[in-house]
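# Secondary and tertiary structure notes
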Amino acid sequence: IINGLDRSLLSGKHLLITAGGTREAIDPVRFIGNRSSGKMGIAIAEAAAYAGAHVELILGQITVPQPVNKQIKIYRVESTEEMQAMVTKLFSASNILIMAAAVADFRPVQIAGQKIKKQPGQEELGLQLVKTTDILKTTAAKKRSDQFVVGFAAETDSLLQNANKKLESKNADLIIANSVAGNDSAFGSDLDQVTILQLGASPIKWPKMTKKEVATKLIQLLATKIK
Ligand code: CTP
Ligand code: CA
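Residues numbered from 1 in each chain as written. Chains lettered and ligands numbered in written order. Predicted model: local features only at pLDDT ≥ 70, side-chain atom pairs only at ≥ 80, totals over all residues.

## Details of the overall build of the protein
Quick note on the threshold: In DSSP terms, a helix is any run of H or I states spanning at least four residues, a strand is any run of E spanning at least two, and both are numbered starting from the N terminus. Around each residue's C-beta, the other C-beta atoms within 10 Å are counted; 20 or more make the residue buried, 12 or fewer make it exposed, and counts in between make it partly exposed. All C-beta atoms are placed from the backbone. We call two residues in contact if the C-beta atoms placed from their backbones are at most 7 Å apart.
Secondary structure summary: the protein contains 5 helices and 14 strands in total. The C-alpha extent of the protein, read off along each of the three principal axes, is 65 × 35 × 35 Å. Counting only residues that meet the buried cut, the protein has 39% of its 227 residues in that class. Restricting the contact set of the protein to residue pairs at least 6 apart, pairs at least 24 apart contribute 62%.

Here's what the structure looks like:
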């Protein structure tokens, strides 16, 4: 039971949510990845399903169990490219996109076909990386007026300033700013302290609460944003 959440608040609505971290292969046994438990995105998916929405959840690497809920359709992906392809495929049928995934910003230029072996005497290994596609930015650029796009901003410093830049540069309707500086919030934690940013509105700082509570409040807020 989710406190105070109306079970028909989002009935008939389609929510597309990404969660977890993407992984970029270096060779068959190694990858570059982002720290992410998947908890926040999964909590949002659970709250949306509880509120009656059809939920499609694209999951990268997560450290918590995958949700078991008939109202949540799950798609597993590994790389940023796979996540992007799945978002592109599912976006047009969605009313709301929530990009909670920790997406890799760079990937190796080449994926070695065989395990990279240490050479005798080798003390260094260079790895050339190339930027990945910004899924949020490219998808939000294509959104219709009846679609609402939400992103996250994970910052270690200058939280509001950096998050505001993301709100503007990514064409998002709403950004959830999240401090990931060394404290008990964010990564892997059940608690989170977030600030909601929207164009033309003052930031709204929510008190520290559980990720499930953040998810519930977010669903209630989003319900007011779509018809
Ligand atoms: N994001 C995305 N595709 C990427 C990188 C990020 O869709 N290639 C999304 C994330 O899912 C998140 C938002 O963009 O919703 C912000 O991610 P964040 O890592 O905080 O910002 P970046 O734009 O990647 O900038 P930086 O990491 O340099 O701070
Ligand atoms: Ca990033």
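## Regarding the site of ligand 1
Definition in use: Nearness between a residue and a molecule or strand is assessed with a C-beta atom placed from the backbone; a distance within 6 Å qualifies. Only Asp, Glu, Lys and Arg are considered charged, only Ala, Val, Leu, Ile, Met, Phe, Trp, Tyr, Cys and Pro nonpolar, and every remaining residue, Gly among them, polar.
In the vicinity of ligand 1 lie 14 residues, with M99, V103, I135, L136 and G151 positioned nearest. Looking at the shell around ligand 1, the elements that each hand over two or more residues are helix 3 (135-140) and strand 9 (148-155). For the shell around ligand 1, the element with the highest residue contribution is strand 9, accounting for 4 residues. For the shell around ligand 1, the per-class residue count stands at 8 nonpolar, 3 polar and 3 charged.

## Let's talk about the UniProt feature "binding site: CTP" (unreviewed entry) in the protein
Condition: UniProt positions are given in the numbering used here, feature names are shortened, and annotations may be inferred rather than shown by experiment.
The feature "binding site: CTP" (unreviewed entry), as annotated in UniProt, sits at D105, K115, F152, K166 and K170 in this numbering. Annotated residues spanning 66 residues; largest pairwise C-alpha distance 37.2 Å, indicating distribution over more than one region. Counting through the fold element by element, K115 comes out in the loop between strand 7 (106-108) and strand 8 (129-131). With 10 C-beta atoms packed within 10 Å, K115 lands in the exposed category.

## Considerations on the pairing of strand 4 (residues 54-59)
Applicable threshold: For two strands to be treated as a pair, DSSP must find no fewer than two bridges joining them.
Summarising burial for strand 4: 5 of the 6 residues are buried, a large majority. Pairing of strand 1 (residues 14-19) with strand 4 involves 6 bridges; the strand directions are parallel. By the bridge assignment, A19 is partnered in strand 4 with L59. Pairing of strand 4 with strand 5 (residues 72-76) involves 5 bridges; the strand directions are parallel. Bridge assignment links L57 to a residue of strand 5, and that residue is I74.

## Structural notes on helix 1 (residues 39-50)
Defined as follows: In this analysis, the expected span of each helix is defined as 1.5 Å times one less than the number of residues it contains.
The terminal C-alpha atoms of helix 1 lie 16 Å apart, and with 12 residues this matches the ideal 16 Å at 1.5 Å per residue to within 8%. In terms of residue burial, helix 1 counts as a mostly covered element, since 12 of its 12 residues are buried. On its buried side, helix 1 packs onto strand 1, strand 4, strand 5, strand 6 (96-99), strand 11 (191-192) and helix 5 (211-223).

## Re the packing of helix 1 against helix 5
Selection rule: Axis lines are fitted through C-alpha atoms, for helices just across the contact stretch, and the angle between N-to-C directions can take any value from 0 to 180 degrees. Roughly parallel covers angles under 35 degrees, roughly antiparallel covers those over 145, roughly perpendicular covers 65 to 115, and oblique covers all other angles. With the far helix as reference, a near helix turned anticlockwise by less than a right angle produces a left-handed crossing, and one turned clockwise produces a right-handed crossing.
Contact geometry of helix 1 with helix 5 gives a least axis separation of 8 Å together with a crossing angle of 50°. By the angle between their axes, helix 1 is oblique relative to helix 5. At the point where helix 1 passes helix 5, the crossing takes the right-handed sense. Taking contact as the criterion, the partners of K39, M40, A43, I44, E46, A47 and A48 in helix 1 are, on helix 5, K211, K212, A215, T216, L218 and I219. Per-class residue counts for the contact of helix 1 with helix 5 are 8 nonpolar, 1 polar and 4 charged.

## A look at the environment of G4
Here G4 shows up in the segment before strand 1. Residues G4 and A47, spaced 43 residues apart in sequence, show a C-alpha to C-alpha distance of 11 Å.

## Focus: unusual backbone geometry
Unusually for a residue other than glycine, S158 sits at a positive phi of about 45°. For S158, the location among the structural elements is in the loop between strand 9 and helix 4 (159-169). A positive phi angle, close to 60°, is found at N171, a residue other than glycine. With respect to the helices and strands, N171 occurs in the loop between helix 4 and strand 10 (174-179).

## Here we look at the environment of A177
Tracing the chain through its elements places A177 in strand 10. Each C-alpha atom of the pair A177 and P67 lies 25 Å from the other, and the pair is 110 residues apart in sequence. Residues in contact with A177, not counting those within four places in the same chain, are A153, E155, L159, L160, A163, V194, T195 and L197.

## Quick notes on the environment of L218
Considering the arrangement of structural elements, one finds L218 in helix 5. Between the alpha carbons of L218 and A47 there is a distance of 9.0 Å; along the sequence they are 171 residues apart.

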